[in-house]
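Coordinates in review
So the chains spell out like this:
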Amino acid sequence: MSTGNVGAPTGTAAKQRVYSMIDGFNLYHALDKFDHGVDEADQKRYQKYKWICLRTLIQQFVLPQEDLVGVHYFTAYPNWNEAKRLRHENYVKAVQSRGVDYTLGEFKPKHVDCRATCRERFDLREEKQTDVNIATKIIELANEYDKLVLVTADSDQVPAVRLLLKLHPQKKVFVLPPIGRNSKELVRAAGNNRLIMTEPHLLAAIMPNPVNITRNGRVITQLWKPVNWQLPPSNSATTPNAP
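Computed from a predicted structure; not experimentally measured.

Moving on to the packing of aromatic side chains. Tallied over the entire structure, the rule returns five aromatic pairs. With a centroid separation of 6.1 Å and 40° between ring planes, the pair formed by Tyr-19 and Tyr-145 is classed as tilted. Taken together, the positions of Tyr-19 in strand β1 (residues 16–23) and Tyr-145 in the loop between α5 (130–140) and β6 (147–151) put the pair 126 residues apart, joining distant regions of the chain. A residue is classified by how much of its surface remains accessible, and Tyr-19, at 4% relative accessible area, is buried. Classification of Tyr-145 by relative accessible area gives buried; the value is 0%. By way of ring pairs, the aromatic residues Trp-51, Tyr-73 and Tyr-91 are connected into one cluster.

This is how it looks when you write it as structure tokens:
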């Protein structure tokens, strides 16, 4: 039995519980490269929004009669590159301090044989477990939400969405593809419930720099965004800090 609505005042409609699950690398790659950019500079147009508060981003899609009860971020650390790993750990700590849970997958080596003339073998790294982790949480946490906002354009989540709606037909799933992306198959599986992420949504979710980590009312550490994630000077004066 769900307990999420216990305690609602008599005669007052209980708010619908909203939970969001975010495919971290799907979102990251959408920000890192806009596939529809007309040139290299245009493809980088969203890179300045990487330092975003995920909870604030999702809150913009929550209706007045709804309550955002959780945001879960799924990602993995690039352990072969210390600089990238430290930047990513820093970001995860920042969003965690602002009310976001996270689950880590991992990268595993993958051997790829060149099919061109060289015929050499290359060692690549492939992210593993994130798709399974998201699908598992969708079902595992089903009793904790009435509406799921799924941030991904990965059609690998179609089976999990279909299973959720089969087991819990009263629930709603809304797909929020990262900016500039879409997944028609995933949206169809969610009953054609799609939200649209725009640049103003990203701008409104920029975190302050630095993010202060406090304990007992005192700042114990500060988390700074990477220099190459800075907003251009023309935007910095009007950029709101995420609450």
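Take the confidence of the model for the protein chain next. Confidence in the prediction for the protein chain averages 88 pLDDT; 81% of positions are at 70 or higher. Scored below 50 in pLDDT, residues 235–243 shows 20 contacts in the model against residues more than four places distant or in partner chains.

As a further point, take the side chain of Lys-147. One can find Lys-147 in strand β6. Classification of Lys-147 as buried rests on a relative accessible area of 7%. Reaching out from Lys-147, the side chain makes a polar contact with the side chain of Glu-66 at a distance of 3.0 Å. The contacts of Lys-147, once residues within four sequence positions are left out, are Arg-17, Val-18, Tyr-19, Phe-61, Glu-66, Lys-172 and Phe-174.

What tends to happen in soluble globular proteins is that the nonpolar side chains get buried as a cluster. Ile-52, Leu-54, Tyr-91 and Leu-202 are the most contacted members of the largest nonpolar core, which has 39 residues in total. The set of elements that each furnish at least two residues to this core consists of β1, α1 (24–32), α3 (54–59), β2 (66–75), α4 (82–96), β6 and β8 (211–215). Apart from the residues within four sequence positions on either side, Ile-52 is in contact with Leu-27, Leu-31, Leu-57, Tyr-91, Val-95, Leu-202, Ala-205, Ile-206 and Met-207. The next biggest cluster of nonpolar side chains, apart from the first, holds 20 residues, and it includes Met-21, Phe-74, Ile-138 and Ala-189.

With the rule as written, the count across this model stands at nine salt bridges. Here Asp-35 makes a salt bridge to Arg-181, at a shortest N to O gap of 3.7 Å. One end of the pair, Asp-35, is in the loop between α1 and α2 (40–43); the other, Arg-181, is in the loop between β7 (172–175) and α7 (184–189), and 146 residues separate them in sequence. Across the pair Lys-48 and Glu-199 runs a salt bridge, and its minimum N-O distance is 3.9 Å. Here Lys-48, found in the loop between α2 and α3, pairs with Glu-199, found in helix α8 (residues 199–204); they are 151 residues apart in sequence, far enough to count as distant. Here Lys-48 falls in the buried class, since its relative accessible area comes to 16%.

Further remarks concern the pairing of strand β9 (residues 218–223). Strand direction decides the pairing type here: β8 and β9, joined by five bridges, are antiparallel. Looking at the pairing, Arg-215 lines up with Arg-218 of β9. Hairpin connection between β8 and β9: a loop of two residues separates the two successive antiparallel strands, and Asn-216 in this loop has a positive phi of roughly 55°.

Its 15 residues give α4 an end-to-end C-alpha distance of 21 Å, which sits within 8% of 21 Å, the value for a rise of 1.5 Å per residue. When α4 is considered as a whole, its buried residues turn out to be Arg-85, His-88, Glu-89, Asn-90, Tyr-91, Val-92, Ala-94 and Val-95. For α4, the elements touching its buried residues are α1, α3, β2, β3 (101–104), β8 and β9.

This paragraph deals with helix α6 (residues 158–167). Along α6, the residues classified as buried are Val-158, Ala-160, Val-161 and Leu-164. Viewed along the axis of α6, the buried residues span an arc of 165°, placing them on a single side of the element. Exposed residues on α6 whose side chains face more than 90 degrees from its buried face are Pro-159, Arg-162 and Lys-166. Residues of α6 that are buried sit in contact with α5, β6, β7 and α7.

Right, let's talk about the environment of Gly-180 for a bit. Within the secondary structure layout, Gly-180 lies in the loop between β7 and α7. Classification of Gly-180 by relative accessible area gives partly exposed; the value is 36%. Between the C-alpha atoms of Gly-180 and Ala-153, which are 27 residues apart in sequence, the distance is 9.9 Å. The contact partners of Gly-180, leaving out residues within four places of it in the chain, are Phe-34 and His-36.

Cut-offs and rules
- Residues numbered from 1 in each chain as written.
- Predicted model: local features only at pLDDT ≥ 70, side-chain atom pairs only at ≥ 80, totals over all residues.
- Heavy atoms only, no water.
- Phe/Tyr/Trp six-rings, centres within 6.5 Å; stacked < 30°, edge-to-face > 60°.
- Helix = DSSP H or I, 4+ residues; strand = E, 2+ residues; numbered from the N terminus.
- Buried < 20%, exposed > 50% of the residue type's maximum accessible area, 1.4 Å probe, protein only.
- pLDDT = per-residue confidence, 0-100.
- Contact = heavy atoms within 4.5 Å.
- Polar contact = N/O pair within 3.5 Å; in protein donor to acceptor, adjacent residues only side chain to side chain.
- Core = buried A, V, L, I, M, F, W, Y, C linked by side-chain atoms within 4.5 Å.
- Salt bridge = Lys/Arg side-chain N within 4 Å of Asp/Glu carboxyl O.
- Pairing = 2+ DSSP bridges.
- Expected span 1.5 Å × (residues − 1).
- Arc of directions from axis to C-beta.

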